[in-house]
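Inside the fold
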Amino acid sequence: MPRTPIIIANWKMVLSYKATLEIVRSLKKLIKTSVEDVTVVVCPSFPSLADVAKAVSKTSLMVGAQAVYWEEAGSVTGAVSVQQLTPFVSYCIIGHSEYRRLTGQTDEQVAQQASLLLRHGITPIICVGEDAAQYEAGQTVAHVTGQVKILLQSLGRMSAGKIVLAYEPIWAISANNPSTPPEPGEMASIMLLLRKLVADQFDSDTAERVRIVYGGSVNTDTINDFMHEPGVDGVLVGSASLKPAQFAALVQAVAGTSKS
Ligand code: PGA
């Protein structure tokens, strides 16, 4: 079965509540793709999730959160639990490097979040990737392999097939001022590694179901080169998702590129 490509807008903490709803209004007009061609997920901050969910309820746009706490519920001031997200989202980004830096969360806690989300019917978009020092030291493969193994060990075969894995080299995120993003071929070799790790842990059928996306300085100049690589099922987009026309163009570039 071919995998439906996916594009995720990560709006981070950039937009006001009002600006968030304005972007959503524009995207509803601009994005005419069907759910069979591409999954489009927008990830606003917590305070606008409910209203964004309402605004897109009759469209093909899906809503995702940008984070979730790794325990089911409890006395954790400032945190948001999976149960609080379920009425509004079908996806949730976890393990983003910016959130890891903020909370100091470990790969084990990211794995815990993934299991929790899956149990509650929310698809986790799980970010892994190396930092600049690890990249320069040639440790990318070892680092990413370690992260993914911890994750996969906590998942069952059925739930593993439902995850979205995002390879996001930390140094390539636009906010970290990369001089250049990775070469598409270099990026694709890590995507292939990720799929192989899923196959090794479970089987090739499960690996073929997982959607694997790239994130880090994706824009209208680079998207086609990334999407043409084998095994790339989509993109996670930060700054280039903040301009509706630009994001709609990225959606168009991802739509219909399904791979199997
Ligand atoms: P960027 O952000 O597209 O601005 O590099 C991606 C991300 O951090 O998810």
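The notes below deal with the structure included here.

Thoughts on the sheet that holds strand β3 (residues 61-65)
An order of β1-β2-β3-β4-β5-β6-β7-β8 is seen for the eight strands of this closed barrel, with the pairing classed as parallel. This sheet shows a mean twist of 25° between the axes of neighbouring strands, independent of strand direction. Judged from the two bridges that link them, β3 and strand β4 (residues 91-94) form a sheet pairing that is parallel. Bridge pairing in β4 places A65 opposite C92.

A closer look at the packing of helix α7 (residues 140-153) against helix α9 (residues 184-201)
Packing of α7 against α9 leaves a shortest axis separation of 10 Å and a crossing angle of 35°. Between α7 and α9 the crossing geometry is right-handed. Of α9, the residues touching α7 (which contributes T140, V141, V144, T145, V148, K149, L152 and Q153) are I190, L193, L194, L197, V198 and Q201. Split into classes, the residues belonging to the contact of α7 with α9 amount to nine nonpolar, four polar and one charged.

Considering the site of the ligand
Neighbouring residues of the ligand: N10, K12, H96, E168, I173, S174, G216, S217, L236, V237, G238 and S239. At a separation of 3.2 Å, an oxygen atom of the ligand approaches a polar side-chain atom of N10. S174 is positioned with one of its side-chain polar atoms (N or O) 2.5 Å from an oxygen atom of the ligand. Tallied by class, the residues present in the shell around the ligand amount to three nonpolar, seven polar and two charged.

A short note on unusual backbone geometry
The phi torsion at K12 lies on the positive side, around 50°, for a residue other than glycine. Inspection of the secondary structure assignment puts K12 in the loop between β1 (6-10) and α1 (17-30).

Some words on the side chain of S48
When you line up the elements, S48 lands in the loop between β2 (39-43) and α2 (49-55). Not counting chain neighbours up to four residues away, the residues in contact with S48 comprise Y17, T20 and L21.

Brief notes about the packing of aromatic side chains
The final tally for this structure, using the stated rule, is four aromatic pairs. Measuring from centroid to centroid gives 6.4 Å for Y167 and Y214, while their planes differ by 55°, and the two rings are tilted. Here Y167 is found in strand β6 (residues 164-167), whereas its partner Y214 is found in strand β7 (residues 211-215), with 47 residues between them in sequence. By way of ring pairs, the aromatic residues Y167, Y214 and F226 are connected into one cluster.

Section: a positive patch on the surface
Together, R25, K28, K29 and K58 line one region of the surface with positive charge. Here R25 is to be found in helix α1. Relative accessible area serves as the criterion here: at 47%, R25 is assigned to the partly exposed category.

Overview of the pairing of β4
The two faces of β4 match: Y91 and I93 on one face and C92 and I94 on the other face are all buried. Where β4 lies against strand β5 (residues 123-128), four bridges are found, and the strand directions are parallel. Residue pairing for β5: I93 is matched across the bridge by I125.

Rules and cut-offs
- Residues numbered from 1 in each chain as written.
- Predicted model: local features only at pLDDT ≥ 70, side-chain atom pairs only at ≥ 80, totals over all residues.
- Heavy atoms only, no water.
- Pairing = 2+ DSSP bridges.
- Helix = DSSP H or I, 4+ residues; strand = E, 2+ residues; numbered from the N terminus.
- Axes fitted to C-alpha atoms, helices over the stretch in contact; angles between N-to-C directions.
- Left-handed = near helix turned anticlockwise from the far one by under 90°.
- Contact = heavy atoms within 4.5 Å.
- Nonpolar A, V, L, I, M, F, W, Y, C, P; charged D, E, K, R; others polar.
- Near = heavy atom within 4 Å.
- Polar contact = N/O pair within 3.5 Å; in protein donor to acceptor, adjacent residues only side chain to side chain.
- Phe/Tyr/Trp six-rings, centres within 6.5 Å; stacked < 30°, edge-to-face > 60°.
- Patch = residues over 30% accessible without salt bridge, like charges linked within 9 Å, V, L, I, M, F, W, Y side chains within 5 Å.
- Areas by Shrake-Rupley, 256 points an atom, 1.4 Å probe, with all protein chains shown as cover.
- Salt bridge = Lys/Arg side-chain N within 4 Å of Asp/Glu carboxyl O.
- Lys, Arg positive; Asp, Glu negative; His and termini not counted.
- Charge placed at Lys NZ, Arg CZ, Asp CG, Glu CD.
- Buried < 20%, exposed > 50% of the residue type's maximum accessible area, 1.4 Å probe, protein only.

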